[in-house]
Each structure stands twice: as C-alpha cells, then as structure tokens.
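An overview of the molecular structure
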Amino acid sequence: MEFFLQIIANSLVLGTQVLFLALSLYLIKAVSKIEHVALGAIATACGYGFYQGLLIGSNVMALLFSLVVAFTFGYLSFLLLEKFYKNKEPLLGLIVSLSMGLLIEAMIAIVFKSSSKSLIEGILPIVDVMGVKFTLPGVYTLAIGFVLALAAFVLVNKTPIGRTLRSVSENSSLVSSLGINQLKIRKSVYIISSVIAGIVGVLAAMNTSLTPNMGFNLTITAFIALFVGGSSDIKGTIVASFLLSLIPEFLINYAPSSFEFTNSYRMFFVFALALIILSFKPRGIFSKNIRQS
Amino acid sequence: MTKKSILKIENLHVQLGQRMINQDISLEVFDGEIVGIVGPNGCGKTTFFNAISGFAPIDTGLVSINGLEVNNLSPSKRAKQGLARGFQNVGVFKEMTLEENLIMAVENALELPMYWMFSSKHKQKVDKLVNKALKDVELLEHKNSLAGVLSGGQLRLLEMAKLNLSNANLLLIDEPTAGVSPVLRNQLADSIKQLSQKHGKTIVIIEHDLKFLFSLVDRVIVLVDGKKYMEGKPKEVQNDKRLKEVYFG
Amino acid sequence: MGYLFTVLTRFFWATVQGVAGQLSVSMAGIFLLSLSVCFSFSAYSFAILSKNFEFSFWLTFILSLGLTSLLGFLFSYLYTKVSKDSFTVLALSSILGFDAFVKSFDGLTGGVLGISGILRPAFIGKLQSLVIFSGLIVGIVLVMHYLVVKSSLGRKIRAFKEHPVALESLGTSKNSVSRFVIIWGSVISGIAGVLELMRLQFLDPSFGGIPNLILFVSIAILALKPKLSSVVLASMFVVFVPEIISFLNFPSQFVGHLRTIFYCVLLIFLVRQVSGKFTISKREI
C-alpha cells in the first residue's frame, strides 16, 4: 500500500511539473495559436540562472537571476514570435520556437558545459506525509502547482481576462477595435508563461539535477498533455498532465516481472498513450464536436 | 417524355453539433434544369450543398446522384458519380497557373494515364480542351499566370471553366456573384447558361442576388431556418409575399 | 580526400532527406516531423537485419525500406485520424518515443551502446566507392522526384496543400494523396538513413533525432519551389556552409554546437523570409 501511495506521490510531483509547462503552453496558444516549444529551454535557462545566482551570492540573488532570465527570454520570445516572424501560420511558429529552444540549449551547453549541476548539495531534505515521502522541492512543486492550476482555471474560464486572451488569437484586429491593446496582452502572456516555465525549471532542477537539455522531454510531455486534454480546454490540460505521468509510472512499476520496464520506457509510454487517446478522441479527452467553418 | 432525375434528395436532415442545420428537405432536380436556392444568411444553404457533395455528414435522409444513392460515398467518389462543385470562397488553386488548374479538371474527367504529359497525342488533346475553355471565358491571355493574380470575378470565370471541363453532369454552384463586379456578372450569367444549354449540365445554384438568379433558373427553392419554405417558378416565388417577409422582414 | 568524401556522402544523404522534406513540408504542407524517425528506423532495421540474418545487402536494404514504409503507413493512418496540430505534436514526440524505444529494447537495438561493426558490402567497401554509390542513389531519387513533381500526382499534391476540399470535389481523395506523400516521404528518408549508416558503420540512439529534423526542415523551407534544383542547392548550402564555418577559429566549446546554431539561426531567418509564401494544408472545409 505504501509503495502504491509512493507511486501516486511521485506521479503527482512529475504531473505538476508537466502541468506548469502545459499551462504556459496553453496560455501562449490561447493568445497566439503558436506551440511555443522553447518554453522547456527557457525553463532550463532559468534553472541555470538560479544556479549562477547561488554561485555568486544567496538564494535571493538566485531568485533574482532566474526572474531576470525568465523576463528576458519571455520578452525575446514575444519579439521573435509576434514581431519578427509575421506570418500567422502556427506550425511555422512551432519551427521558429523549436529553433529558439535549441539555440538556448546550445548556448547553455557552451557557457556551462554539458555536465550536470546540482542546485542542492548533498541529500535532498525529505518530508514524510503519512508514510509517503516527498522531497522538499517536490512539496513546493505540489503547493505552487495547486495554486497555479486553480488560478489558471478560474482566470481563463470565469473572468473577462480569460475571454480577452482567447479573443486576441481569434481576431486581433477586432480586439484592437474594441480599445484593447492586444500587443500588450500578448507580451504579458509571453512573459508570464516564461516565469511559470522558469518556476518549473528551478523546481525540477532542485529535485534532480541541471543539464542543458533537461527541459525538452518535459516540454514534449507538456505538449502532448495539451493536445490530449484538448488544446482549448484548460480542465482537460490539467487532467491530461497527471494522466500522462500516472499511467507510465504505474506501467513501469507494476508491469509483470517478465516485462522489466525501466524509466527509459517513460517517453515511449507517453507517446503510445497519446497515440491511443488521440486516435479515439482527436480533439482531446473532453472534446465536444464543433462545426467546422 | 419523362426527364431523367439527376439529383434526388429525400427527407434530408443534417445536424452539426447540437444544432439541426437542415431539416426534412426533399427535392428533385431533372436533367438539364437550372434550380436556384435562396434564403437568408445562416439558413443552411451551403451546409445543404456540403451534405450533397459529402463534406457534411447526413443525419437521416437520402441523396441520390444519377440514380445512385451516395450517402456512404466520400466526396471524391461522389465527384466520380458525376457531381462537380463550386465553392463560396472559389474552388481554384491560386498557386497554380490557369492552365494547371484546368489540366487538373481535365485529368480527372478524361481519366488520363499518369504518363500522359509525355505522350504528344494526349498533350495535344488536353491543350486543345484547355485553350478552348479559357477562350470561352476570355482568360486565354492569362493561361500561364498564377491564378492568384486574377480578380474575384475572373476567378469565378475560371471556376466556371473548370466545372465545364469536368465530366460531371450535375453542378453545384455556391454564390457565384459574391465579390464580382456588375460587368462580369453578365459574363458569369452567360457562362452558366452555356453550361446548361450548350453542354447539357444540370445546375443547382445558391445565390443572394435574386435578379441575377431569377434570370437564369427554371425553378427556385427557398430555405428558411434549414427547412424548405417554398418552391416554384421564379415569377411565382418573386411575387410571393412570404419571400419578401423572409428577406425584408 | 577522406574528409571530402565524408562531406560528399553527407551532402548526398542530406539531398535525399531534403527531397522527402520538400515533398511533405513544401509541396504537400504536411509537417511530417517524423521523417527523422524514419531515417533512424530504417538504419536500425538495416543494422538489426544485417546482424541477425545472412541476407544480401540489397535484400536487407529492400526489407528495411519495406519496414520503413509500414511505419510511414502508420503515420499516414494517424494523419487521417487526428487534427493537424495533434499530428505535428505526435510526429515531433515520436522522435523522443523512438529514442526511448531504442534505449529500452537493448536486446534488439544495443540500447545506449548502439550497434557497431556494420559491414559495408564489398562493392562499396571503400569510402570512394560509397561516394559513387550514394551519388547514383541520389540520382535515381532525384529522377523519381522529378517524375512525381511534373506529373498529375505532383499537381494533386500541391492542390492538396492549397485547397484539399476543391481537390476532393475534382474526384481525388485527399486521404490517398496524404497517404502517398507520407509513405513515400518515409521511404525516401529511409534511403537517406541507410546511406548515412553505410558511412558511419555504427548506430546509437543519437543517430538522426532533432539535428536531422532541423536539417531537413531547413532544406524543405529553402527549397520551397517544387524544383529539383532548389533541393540540390538547398542541400549544398545546408551541408557545405557549416563545414566552411568550422574552419574558422571558434573557441573549442563552440565546436560541437556549431551546426545546431547554424541551422537554428538559418531557420529563424528563413521562416521570416518565406512566411508570406507558405500555406500549410488546411483540412477543414
């Protein structure tokens, strides 16, 4: 029973990390219809910013560094994807974002080298909750993730801000004609998404270690969660983020002994799951049929 | 002599999402007829065409083209049964030349072999057909230009030329005068008349320009809220008070 | 000379991969990001077949391409089932999925250590012969691509990208067009994978992957016009320019990342240049 609960706990932490990135992807997709794959690299960059801040001074310096990195890359993403790249074909935007992400990872590898770095030296502090063990960064992840998911759900679905976000990507000229500065909204969303990605970058790095391409796997999982959940449905994104962490975790730990699934099978399971779900529900698990115009 | 039924629709229902777009529409179009479909915006005219041509799923009801039930056929298979379609947003490939656009219609119509462009016999036949079709719509001089450079009206004429070259005997034309100047409208009307009188096509047209439509068609069907509101000859429909209510309130 | 031959073989397989990219991305508007998976899959199939069976080179080659075409068929089925965006995501994530598969099923694939000692047949034993062989294969692929581009099939592929509904209304099934593009593109990528495998004679999970993805996407976007010359010139640019750049005196830490940086910067600028001329296949009416 304890083992079962521990699996759930680990999946919850991983699922929350995926959720952070999926929410960031969701927000950007909501305003500009682009799949901003570079968010994973931005998360990694913020992790390295935090690391650099720790090397120089204190935790406060580290937080400041990672915030500056998040703001900078958020703004750069906005400039690149909204201003420099003018075509509104979202799939080309994906290519631009992917290139940006790879560039960021290459730069990180050049500056910091490819070897892994630790944000917390020694053994991670453990919190025991009724026999289930969480690392301290894991607890922070869950707490912040819960608040963030709730806030995002309420904001997007229940407030005028959410309506405005969605209308900006549909028809930005119309939004402007209503007196709303749609560029300012997009810029804010890019920066906020980068900050959210940065949070997961730092927390994930605390939980494991920092490597230049640690963000890519997480981004792809988040990406898949976004589509499996239904890219226009935040509730679906939240559920899918946890499903895509829980099911592979169970498969790896509870498969019959003849199968011997290791952690390296994780992405394979995520991909297979996505294939199965999207084949039956092409628009996501909570999708409704809509009229194509 | 009884005329051959080209298009038969029985109790058609089309539902998209939670909304019933077309409800219980029955209609029969005979060989050589030009039938017009009118109705206010959002009454389901284009969805009706989509259901006939296979681009919208049919809930219940039957669609037969040239005597064959086509409910379970894909759009491309329905096209092979003798149906050709014009689109509201012009079904022309703007990144291809006018010649290439018409060649695509001819290839499907004549079922040419894949290697036909290497055979001078086939090439000559295709060239002749394409040149004649372009000449008929006064677009021969733009033969090697990309279709994207044409005006809205010229694109419509190109679409008419394409429909002419298809071997379809049933044409569905969706709002042909949308975005077309008054001058070109006359040319368009002549083009449609030629398709019917000279080439024997059976035509169903959706149109908002009632004057344009009534000068062309044998019969008019009025759709309101997805249902068939009335049907009759142009003069009858034109004088009917109910039509005026529908359009002008 | 060895360096020149190496670069030439790289140019040849990049051209083949570029043909697959041009066919799917530029002509058909299908973001077939899984082409790099097909590239790797074909190479792994060849390596596994040659290690475990005593088939001749040509039989192994054909079998590996056959298996790759099956993979292409799976992707083509998926393309007709899911939305455009979902397909792109799945195609991109298939790279990671395949990487995980290769690392996990180590009994078959050698895992992280890969498969070594893949022998070339005697007629391409030397690098020079391999260059000539690769050149011939590229020539054949280019001729076949020319025939596709110039034929009615090429027109249908371009029509599919621009207005698939109008294409259907002319009597051509859009699913059959997408199926052809995806399967044929996968097979061509498979050919490129085997050519590169013949040069390296070694395989590991890093074969293909994201670097291959950005390479063929760069070529596809450079070679936007459906012409053979554009693919060949694009491949030349994408392969030779990084080689020239590598002769400049960059600090050592840049060396392993130069190609990635070059492709990414190139892509960002390329996409801006062509963005007005690029339309992706729209599948909804």
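Rules of the game
Each chain has its residues counted from 1, running along the sequence as written. Chains and ligands are labelled by the order in which they are written, letters from A for the one and numbers from 1 for the other. Predicted model: local features are reported for residues with pLDDT of at least 70 only, side-chain atom pairs are reported and counted for 80 or more only, and whole-chain, interface and lining totals are derived from all residues. The helix count covers DSSP runs of H or I at least four residues long, the strand count covers runs of E at least two residues long, and both are numbered beginning at the N terminus. To assign burial, the other C-beta atoms lying within 10 Å of each residue's own C-beta are counted, with C-beta atoms placed from the backbone; 20 or more indicates buried, 12 or fewer indicates exposed, and intermediate counts indicate partly exposed. Each residue gets a C-beta atom placed from its backbone, and two residues are in contact if those atoms lie within 7 Å. The reference for a compact globule is 2.2 Å times residues^0.38; the radius of gyration itself is calculated from the C-alpha atoms. Strand pairing is defined by DSSP finding a minimum of two bridges between the two strands. Note on geometry: axes are C-alpha line fits, over the in-contact stretch for helices, and angles between N-to-C directions span 0 to 180 degrees. In this scheme, a crossing is called left-handed if the near helix is turned counterclockwise away from the far one by less than a right angle; it is called right-handed if the turn is clockwise. Classification convention: Asp, Glu, Lys, Arg as charged; Ala, Val, Leu, Ile, Met, Phe, Trp, Tyr, Cys, Pro as nonpolar; all other residues, Gly among them, as polar. Note that the term roughly parallel is reserved for angles under 35 degrees, roughly antiparallel for angles over 145, roughly perpendicular for angles of 65 to 115, and oblique for everything else. To form a nonpolar core, buried Ala, Val, Leu, Ile, Met, Phe, Trp, Tyr and Cys residues must be joined through C-beta atoms within 7 Å. Expected span of a helix, by definition, is 1.5 Å for each gap between consecutive residues, and there is one gap fewer than residues. The pLDDT value expresses, per residue, how confident the predictor is, ranging between 0 and 100.

What follows concerns the overall build of chain A. Summing up its helical and strand segments, chain A has 11 helices and two strands in all. Taken from N to C terminus, the helices and strands of chain A fall in the order α-α-α-α-β-β-α-α-α-α-α-α-α. Each of the 293 residues in chain A was classed as buried or not, and the buried ones make up 51%. Sequence separation of 24 or more characterises 73% of the internal contacts of chain A that already satisfy a separation of 6 or more.

Looking only at helices and strands, one finds 13 helices and zero strands in chain C. Listed by position from the N terminus, the elements making up chain C come as α-α-α-α-α-α-α-α-α-α-α-α-α. For a compact globule of 285 residues, the expected C-alpha radius of gyration is about 19 Å, and chain C comes in at 19 Å, within 12% of that figure. On the principal axes, the C-alpha backbone points of chain C span a range of 55 × 45 × 35 Å. Relative to its 285 residues, chain C shows a buried fraction of 54%. Long-range contacts, defined as pairs at least 24 residues apart, comprise 79% of the intrachain contacts of chain C with a sequence gap of at least 6.

This paragraph deals with the sheet that holds strand β9 (residues 219-224) of chain B. Residue and element names in this part refer to chain B. With respect to topology, six strands assemble into an open sheet ordered β6-β7-β8-β3-β9-β10, the strand pairing being mixed. The open sheet terminates on both sides in strands that have one partner only, identified here as β6 (83-85) and β10 (227-232). Adjacent strand axes in the sheet meet at a mean angle of 20 degrees when their direction is disregarded. Direction of pairing for β6 relative to strand β7 (residues 170-174): parallel, over a ladder of three bridges. Looking across to β7, one finds that Leu83 is bridged to Leu170. Contacts between helix α1 (residues 45-53) and the sheet are confined to β3 (34-38), β6, β7, β8 (202-206) and β9, with β7 contributing the most and set at about 150 degrees to the helix.

Attention shifts here to the environment of B:Glu69. Residues and elements named next belong to chain B. Locating Glu69 in the fold gives a position in strand β5 (residues 68-69). Here Glu69 falls in the exposed class, since 12 other C-beta atoms lie within 10 Å of it. Separated by 61 residues in sequence, Glu69 and Lys8 have C-alpha atoms that sit 9.0 Å apart. Residues in contact with Glu69, not counting those within four places in the same chain, are Leu62 and Ser64.

What follows is about the packing of helix α10 (residues 209-222) of chain C against helix α13 (residues 258-274) of chain C. A pair of packed helices is characterised by two quantities: the angle between their axes and the separation of those axes. Residue and element names in this part refer to chain C. Where α10 meets α13, the axes come as close as 10 Å, and the angle between the chain directions of the two elements is 35 degrees. α13 is crossed by α10, and the crossing has left-handed handedness. Along the contact surface, α10 presents Pro211, Ile214, Leu215, Val217, Ser218, Ile221 and Leu222, while α13 presents Arg259, Thr260, Tyr263, Cys264, Leu266, Leu267, Leu270, Val271 and Val274. Looking at the contact of α10 with α13 residue by residue, the classes come out as 13 nonpolar, two polar and one charged.

Looking now at the packing of helix α2 (residues 39-56) of chain A against helix α8 (residues 182-207) of chain A. Residues and elements named next belong to chain A. Packing of α2 against α8 leaves a shortest axis separation of 7 Å and a crossing angle of 60 degrees. One element, α2, and the other, α8, form an angle in the oblique class. For the pair α2 and α8, the sense of crossing is right-handed. Contact residues: α2 offers Leu39, Ile42, Ala43, Thr44, Cys46, Gly47 and Phe50, while α8 offers Ser193, Ser194, Ala197, Gly198, Val200, Gly201, Val202 and Ala205. When the residues that make up the contact of α2 with α8 are grouped by side-chain class, the tally is nine nonpolar, six polar and no charged.

Residue and element names in this part refer to chain A. Leu21 and Ile42 are the most contacted members of the largest nonpolar core, which has 255 residues in total. At 15 residues, helix α1 (residues 2-32) tops the list of elements feeding residues into this core. Non-local contacts of Leu21, meaning those with residues more than four positions away in its chain, are made with Leu39, Gly40, Ala43, Ala197, Val200, Leu218, Thr219 and Ala222.

Our focus in this paragraph is helix α6 (residues 182-197) of chain B. Turn by turn, an α-helix covers 3.6 residues, leaving residues three or four places apart pointing in a common direction. With 16 residues, α6(B) extends 23 Å between its outermost C-alpha atoms, agreeing within 8% with the 22 Å of an ideal straight helix rising 1.5 Å per residue. Elements in contact with the buried residues of α6(B): α5 (152-165), β7 and β8 of chain B.

So, on to the interface of chain B and chain C. With 25 residues of chain B in contact, the opposing surface of chain C contributes 18 residues. Listing elements by their share of the side of chain B that touches chain C, those giving two or more residues are α1, α2 (75-80), β6 and α3 (98-110) of chain B. It is α3(B) that contributes the most residues to the side of chain B that touches chain C, six residues altogether. Residues belonging to the side of chain B that touches chain C are distributed by class as follows: 12 nonpolar, seven polar and six charged.

When pLDDT is averaged along chain A, the result is 82; 89% of the residues meet or exceed 70. Here helix α7 (residues 172-177) of chain A stands out as the element of chain A with the lowest mean pLDDT, 66, in contrast to α2(A), whose mean of 91 is the highest.

Counting residues at the interface gives 37 residues for chain A and 37 residues for chain C. The set of elements that each furnish at least two residues to the side of chain A that touches chain C consists of α4 (90-112), α9 (214-229) and α11 (266-280) of chain A. Element by element, the count of residues in the side of chain A that touches chain C is highest for α4(A), at 12 residues. Considering only residue class, the side of chain A that touches chain C consists of 25 nonpolar, eight polar and four charged.

This next bit is on helix α2 (residues 35-52) of chain C. The terminal C-alpha atoms of α2(C) lie 26 Å apart, and with 18 residues this matches the ideal 26 Å at 1.5 Å per residue to within 8%. In terms of burial, α2(C) is a largely internal element, 14 of the 18 residues being buried.

To continue, consider unusual backbone geometry. Located in the positive-phi region is A:Lys113, a residue other than glycine, with phi close to 70 degrees. Of note in the backbone geometry, B:Val90 takes a positive phi value of approximately 60 degrees without being a glycine. Here B:Val90 lies in the loop between β6 and α3.

All names here are of chain A. With respect to the helices, strands and loops of the structure, Glu89 is situated in the loop between α3 (59-84) and α4. With 18 C-beta atoms counted inside 10 Å, the residue Glu89 sits in the partly exposed group. In the structure, Glu89 is positioned 56 residues away from Lys33 in sequence and 8.7 Å away in space, judged by C-alpha atoms.

Attention now goes to the sheet that holds β5(B). All names here are of chain B. Reading across from one edge, β2-β1-β4-β5 is the order of the four strands in this open sheet, with antiparallel pairing throughout. Strands at the two margins of the open sheet, each flanked by one partner only, are β2 (19-30) and β5. As defined by bridge partners, strand β4 (residues 60-65) adjoins β5 across two bridges and the pair is classed as antiparallel. If you follow Ile65 over to β5, its bridge partner there is Leu68.

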